[in-house]
Amino acid sequence: MKDRIVSGMRSTGKLHFGHYLGVIQNWVKLQHEYESYFFVADWHALTTKYDKTENLKQDVKDVVMDWLACGIDPEVSTIYVQSLVPEIAELNIYLGMVTPQNWVERDPTLKDMAKILRTKEGANSQISYGLMGYPVLMSADIMMFNATAVPVGSDQVAHIEITRDIARRFNNIYKTEFFNEPKPLLNNCSLICGLDGNKMGKSFQNDIKISDTEEVTAKKIMSAITDRSRMRKDDPGHPEQCEVAFKYWEIFGSDEQIGTVRCECEKGLRGCADCKRQLGTVINEKFAPIREKRRYYEEHPEEVTKIIKEGSEKARREARKILDEVRNIIGMY
């Protein structure tokens, strides 16, 4: 039996390059090494956007289409929607009963989400009960399938610690060794900044989406920040001071291309506009197969619905087995 991993994304709609490089690319590799469960976290989306649900169903489909286009294989991995596995909600109740309040309050992810909420809605905005319980629900997501590992970035290790703590506490209280204490499975994927040099994000309007057309991608790349100290086309450039464009070259270009860009930039033989036009072409070529595959799923939405339904049913069958054992351990009727 392979070790099992569980990981998910909030249903935020069409995904961007940051999602691809930081998460999906790693999942595509890991799915062949682990028994993999990947879910769209639509309940988690409600923790901060409970009043903005008009596009929720389409957002779920957009996330899944991007996964499929990038190479997540439903014949290899289990793809499911969180709310279509109600057993997670029941497990969340049991875990909430054994989780001390201060564990939840000190969770760094919750603190970050609360800070973002207050920035958007004002200092007096109220944190909902659902948002307060986010760390426990996240733990239920992982423990529902008794994962042995969770793929995360280095900034999310603390995110997994509370799940390990809850699993250990459950085992201690009920004198069992049933739940694994999942380990963080660190990825070493490339990180990409937004077009303005800040963190890439849909809400910041500085992202390039996986599903963007070639024309949109090329236009967005032309807006990327370069070397602010360079005034004229033939001025010697400073690739290390190029805030966005050269960083993209280092991610998407070949070693030969990166070397050429660096040399020509430093000698003043390459203008920033020409450099970004070529960069847009390179990026579009890289994502052409992914975008072609995504267009296929856009034109065949019934296949996406079928994949979601079958994956969620498969996930629910496994969740039922785990939950039956949990109920038995606790002593529920």
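Right above here is the structure, for reference.
Residues numbered from 1 in each chain as written. Predicted model: local features only at pLDDT ≥ 70, side-chain atom pairs only at ≥ 80, totals over all residues. Heavy atoms only, no water.

1. Some details on the side chain of N187
Then comes step 1: Here N187 shows up in the loop between β5 (183-186) and α10 (214-222).
Then comes step 2: Ignoring anything within four residues of it in the chain, the contact list for N187 reads G22, N26, V152 and G153. (Helix = DSSP H or I, 4+ residues; strand = E, 2+ residues; numbered from the N terminus. Contact = heavy atoms within 4.5 Å.)

2. Some points on the packing of aromatic side chains
Then comes step 1: For the structure shown, the criterion picks out 15 aromatic pairs.
Then comes step 2: Relative to Y297, the ring of Y296 has its centre 5.3 Å away and its plane inclined at 80°; by these criteria the two rings are edge-to-face.
Then comes step 3: With a relative accessible area of 11%, Y297 lands in the buried category.
Then comes step 4: Connected via pairs of aromatic rings, a cluster forms that spans F17, Y20, Y248, F252 and F287.
Then comes step 5: Against the face of W103 rests R169, its NZ or CZ located 5.9 Å from the ring centre. (Phe/Tyr/Trp six-rings, centres within 6.5 Å; stacked < 30°, edge-to-face > 60°. Buried < 20%, exposed > 50% of the residue type's maximum accessible area, 1.4 Å probe, protein only. Lys NZ or Arg CZ within 6 Å of the ring centre and 35° of its normal.)

3. Regarding unusual backbone geometry
Then comes step 1: Residue N146 is not a glycine yet carries a positive backbone phi of 50°.
Then comes step 2: Within the secondary structure, N146 is located in the loop between α8 (134-143) and β4 (149-152).
Then comes step 3: Judged by its relative accessible area of 14%, N146 falls in the buried class.
Then comes step 4: Look at K175: it is not a glycine, yet its phi comes out positive at around 50°.
Then comes step 5: Relative to the assigned elements, K175 resides in the loop between α9 (157-173) and β5.

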